[in-house]
Every structure is written in C-alpha cells, then in structure tokens.
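Residue-level structural notes
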Amino acid sequence: MKKLGQRFSVAFRRFMTGRYGTDKLNTLLLGLGLASCLIGAFMGNDTLSLIFSFLAYGFMLLSLFRCFSRNTYKRYRENRKYMLLLERIRDRKHRYFSCPRCRQTVRVPKGKGKIAITCPKCKEKFTKKT
Ligand SMILES: [Zn+2]
C-alpha cells in the first residue's frame, strides 16, 4: 500500500513538472467556487440555484486550468496583478491614478484635495481630486 502511494506521488510530481501549481489567486478562485456552490445549494429559486452552480463550476475549472497550466509566466503575471489589486484595496492612505498619456500608475497621498500630478515616467501633468 505504501508503495502504491509512493508511486502515485512520483507520478503526480512528474505530471506537475513544468506546470504552474497553486497561488493566492487560485485560493481565491477556489474560495469563490465553494461560496457559489454553497449559495446555490441554499437558493430556493431554481434558476438562481442553477446560475450559482454554473458559477461554482466556472471558478473551479478556472482554478484547475491555472493550476495545470504550462504557461507559468502568464499565470505568474495574473497572480501579480491580483496581489497588486489587493495591495491597493488595503492601502487607505493613497490613491492610484494611471497617467493619461503613458498609462503608468501613479500613487498619491489621499485627502489632499485637488492636486497637480506629474507622471514620473513621461512628465505629463494632470490634476486629480484625491
Ligand atoms: Zn506618463
């Protein structure tokens, strides 16, 4: 029995070689999938229940796809975007704008009223309310 487990573990490791595996974004997707599944189960309405079941499958399939994906660079970038988004949501002292000319993200302190912002990359000037 132990041998079988070992063989399975080796096979699984071989299968996962070069594949992405899991990250914070996948944890979120799985969580959303599970939440949709539970919400769907407790919905009295059949149509809504069906919609949430589909959502649950969607989230879980997406997280499986990301886990077994061989395009690790793309998956890494997706996770990075998600982490940046989380950071921005948690950051209550700053506001984030993107430069109208070069799309560079500019971080400015919050609560300063209307301020003139100079883009650090292309030196474009624009005003925003913070
Ligand atoms: Zn710029």
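Let's shift gears to the pattern of salt bridges. Under the criterion given, the structure shown has four salt bridges. Arg75 is the partner of Glu78 in a salt bridge, and the nearest nitrogen-oxygen pair spans 2.9 Å. Of the two residues, Glu78 and Arg75 are both situated in helix 4 (residues 72-90); the distance of three residues between them amounts to about one turn of the helix. In this structure, the salt-bridge partner of Arg101 is Glu124, at a minimum N-O distance of 3.0 Å. With a gap of 23 residues between them, Arg101 in the loop between strand 1 (94-98) and strand 2 (105-109) and Glu124 in the loop between strand 3 (114-118) and strand 4 (125-129) connect regions that are remote in the sequence. Judged by its relative accessible area of 57%, Arg101 is exposed. One continuous salt-bridge network, built from bridges that share partners, spans Asp23, Arg66, Arg75 and Glu78.

Around the zinc ion, the protein contributes the donor atoms Cys99 (SG), Cys102 (SG), Cys119 (SG) and Cys122 (SG), which lie 2.2 to 2.3 Å from the metal centre. What the four donor atoms of the zinc ion show is an angle range of 108 to 112° at the metal, which sorts the shape as tetrahedral. Here the donor residues for the zinc ion map to a single chain with the spacing C-x2-C-x16-C-x2-C.

All right, on to the environment of Lys128 then. Within the fold, Lys128 resides in strand 4. Taking the C-alpha atoms as reference, Lys128 lies 8.4 Å from Phe97; in sequence the two are 31 residues apart. Those residues within four positions of Lys128 in sequence are excluded, and the remaining contacts are Phe97, Gly113, Lys114, Ile115 and Ile117.

So, on to the packing of aromatic side chains. Counted by the stated rule, this structure contains two aromatic pairs. Taken together, a centroid distance of 5.4 Å and an interplanar angle of 65° make the contact between Phe15 and Phe68 edge-to-face. Separated by 53 residues along the polypeptide, Phe15 in helix 1 (residues 2-16) and Phe68 in helix 3 (residues 46-68) bring together distant segments of the chain. Positioned above the aromatic ring of Phe15 is the side chain of Arg19, whose terminal nitrogen or guanidinium carbon lies 4.1 Å from the ring centre.

Rules of the game
Residues numbered from 1 in each chain as written. Predicted model: local features only at pLDDT ≥ 70, side-chain atom pairs only at ≥ 80, totals over all residues. Heavy atoms only, no water. Salt bridge = Lys/Arg side-chain N within 4 Å of Asp/Glu carboxyl O. Helix = DSSP H or I, 4+ residues; strand = E, 2+ residues; numbered from the N terminus. Buried < 20%, exposed > 50% of the residue type's maximum accessible area, 1.4 Å probe, protein only. Donors = N, O, S within 2.8 Å, 3.2 Å for Na, K, Ca; no water. Tetrahedral: all angles 85-135°; square planar, octahedral: opposite > 155°, others 65-115°. Contact = heavy atoms within 4.5 Å. Phe/Tyr/Trp six-rings, centres within 6.5 Å; stacked < 30°, edge-to-face > 60°. Lys NZ or Arg CZ within 6 Å of the ring centre and 35° of its normal.

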